[in-house]
Amino acid sequence: MDIRQFGAVARADFTALNGQLNTGLEFGYASGDAEMDGLTPMQTQAAMGQARGYEGSTVNSLFRFDPDFNVDLILFEQLLGQIAGAYYVRPWVSYDFIRNTVGARADVIYSLAAQPLQTLGNSPHLGVELNASVWYRASAPHNFYTVLQYGILFPLTAWKSPYPGGNTDLEFPQTVQFMAAITY
């Protein structure tokens, strides 16, 4: 068995207005395996249960990021469980209304499958996700932090089956998340 897996992340950011305005761009890639069905851990584990997804294959090229590496709120975090056999581009912008106390951030994540044959629709286009958040941080000695996040996913052609009745029922998944924490 040959293992030919590759994963990488590149990030760049720019700060302006005395640190209140921040913009950035991130790119991540995890190699795919055209001989395995699906991008989710459950699908790939089932395929690997027979040593490989397809009999006679000697190459394993599906790279998986750690499930705790988060780039979005819905697609990789909730639906797929991790970045595996896919790549994404994520531009973002954030602004501190009150420096280091109150701010907001918006992200756009465009995700593609590394191997289109792994998707239901044999298409690389997984989706475009919009994430927005507002946050509040109390300075020491209180060390209180809270964030409200919203995300919506616009599924693309990777989820559309070429066969009648085979499409997934994703429509437009959405999430609202709230977190409060005390750091020490």
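Residues numbered from 1 in each chain as written. Predicted model: local features only at pLDDT ≥ 70, side-chain atom pairs only at ≥ 80, totals over all residues. Heavy atoms only, no water.

A closer look at unusual backbone geometry
Working step 1: The backbone of Asn18 sits at a positive phi, close to 55 degrees, despite the residue not being glycine.
Working step 2: In this fold, Asn18 is placed in the loop between strand E2 (7–16) and strand E3 (21–30).
Working step 3: By relative accessible area, Asn18 is classed as exposed at 72%.
Working step 4: Its identity as a non-glycine residue notwithstanding, Asn100 has a phi of 60 degrees, on the positive side.
Working step 5: You can see Asn100 is positioned in the loop between strand E5 (86–98) and strand E6 (102–113). (Helix = DSSP H or I, 4+ residues; strand = E, 2+ residues; numbered from the N terminus. Buried < 20%, exposed > 50% of the residue type's maximum accessible area, 1.4 Å probe, protein only.)

Re the sheet that holds strand E7 (residues 125–137)
Working step 1: Strand order across the open sheet formed by 7 strands is E2-E3-E5-E6-E7-E8-E9, with antiparallel pairing between neighbours. Every other strand in the sheet has two partners, leaving E2 and strand E9 (174–182) as the edge strands with one partner each. Strand-to-strand twist of the sheet, defined as the mean angle between neighbouring strand axes without regard to direction, takes the value 15 degrees.
Working step 2: Pairing analysis gives 11 bridges linking E7 to strand E8 (residues 144–155), with the strands arranged antiparallel. The residue of E8 that forms the bridge with Tyr136 is Thr146. (Pairing = 2+ DSSP bridges. Axes fitted to C-alpha atoms, helices over the stretch in contact; angles between N-to-C directions.)

As for the environment of Val102
Working step 1: By the secondary structure assignment, Val102 is in strand E6.
Working step 2: C-alpha of Val102 to C-alpha of Ala138: the two residues are 36 residues apart in sequence and 8.9 Å apart in space.
Working step 3: For Val102, the contacting residues outside a window of four places in its chain are Tyr95, Asp96, Phe97, Trp135 and Tyr136. (Contact = heavy atoms within 4.5 Å.)

Points about the layout of surface pockets
Working step 1: Computed from the structure, the largest pocket encloses a volume of approximately 530 Å³.
Working step 2: Along the walls of the largest pocket sit 20 residues, with Arg105, Ser133, Tyr145, Val147 and Gln149 positioned nearest its centre.
Working step 3: Sorting the residues of the lining of the largest pocket by element identifies E5, E6, E7, E8 and E9 as the ones contributing at least two each.
Working step 4: Tallying contributions element by element places E7 first for the lining of the largest pocket, with 5 residues. (1 Å grid on protein atoms, 1.4 Å probe; cavity = no way out; pocket = protein on both sides within 12 Å on 5 of 7 lines; lining within 4 Å. Points joined across faces, edges and corners; volume = space filled by probe spheres on them.)

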